[in-house]
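Below are the chains, spelled out letter by letter.
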Amino acid sequence: MKKKLDLSNTKYKVKKGDTVEVIAGENSGKRGEVLSIDRGAGRVFVKDINIIKKTMPKSQENQKGGIVEREASIHISNVMVVDKSGKATRIGMKNVDGKLKRYSKKSGEVLDK
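Residues numbered from 1 in each chain as written. Predicted model: local features only at pLDDT ≥ 70, side-chain atom pairs only at ≥ 80, totals over all residues. Heavy atoms only, no water.

> Got a sec to walk through the side chain of N27? Specific residues and values, please.
Within the fold, N27 resides in the loop between β1 (19–22) and β2 (31–38). N27 sits in the buried class, given a relative accessible area of 12%. Discounting residues that sit within four places of it in the chain, N27 has contacts with V22, I49 and N50. (Helix = DSSP H or I, 4+ residues; strand = E, 2+ residues; numbered from the N terminus. Buried < 20%, exposed > 50% of the residue type's maximum accessible area, 1.4 Å probe, protein only. Contact = heavy atoms within 4.5 Å.)

> Now, about the packing of aromatic side chains: what can you tell me, with residues and values included?
Counted according to the given criterion, the structure contains zero aromatic pairs. Between K94 and the ring centre of Y103, over which it is positioned, the NZ or CZ distance is 4.6 Å. (Phe/Tyr/Trp six-rings, centres within 6.5 Å; stacked < 30°, edge-to-face > 60°. Lys NZ or Arg CZ within 6 Å of the ring centre and 35° of its normal.)

> Please provide a residue-by-residue account of unusual backbone geometry, values included.
A positive phi angle, close to 60°, is found at D48, a residue other than glycine. You can see D48 is positioned in the loop between β3 (43–46) and β4 (51–56).

> Explain the pattern of salt bridges residue by residue, including any values.
Two side chains with opposite charge may pair up if their charged atoms get near one another. If you walk through the whole model with that rule in mind, you get five salt bridges. Salt-bridge contacts for R102 lead to D18; the nearest nitrogen and oxygen are separated by 2.8 Å. Here D18 lies in the segment before β1 and R102 lies in strand β10 (residues 99–104), a separation of 84 residues in the sequence. The burial state of R102 is the same as that of D18; both residues are buried. In this structure, the salt-bridge partner of K53 is E69, at a minimum N-O distance of 4.0 Å. You can see K53 sitting in strand β4 and its partner E69 sitting in strand β5 (residues 66–71), a full 16 residues away along the chain. (Salt bridge = Lys/Arg side-chain N within 4 Å of Asp/Glu carboxyl O.)

> Provide a residue-level description of the nonpolar core, including the pertinent values.
By size, the foremost hydrophobic cluster in this structure holds 14 residues, and its most contacted members are V14, V20, V44, V46, I74, V79 and V81. Of all the elements in the fold, those that place two or more residues in this core are β1, β3 and β7 (79–82). When sequence neighbours within four positions are dropped, the list of residues in contact with V14 reads V20, V34, I37, I76, V81 and R102. (Core = buried A, V, L, I, M, F, W, Y, C linked by side-chain atoms within 4.5 Å.)

See the structure below:
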């Protein structure tokens, strides 16, 4: 039996709220905002990208039930952060005033405030 990798403690350079560009798959080239990150599986949910249709049963919250469209996850290696200049870029870590900050490797500007 295969053991499942535990990636829950892994540090990722993509954060919630970042604008990312999909670099692989059927949604390649599209951009959107990161809604959430599943650290255990190494996947991200991006707004309006990788939309799937899911059948939902009737419940207290969803009185009608039926088919609902929602975002599915994308592997974190298939997205790149978009910097302020509008280009997809790799992310590095830099020590600024005694704190580690993310910076764009293309433009060199610091992404975190």
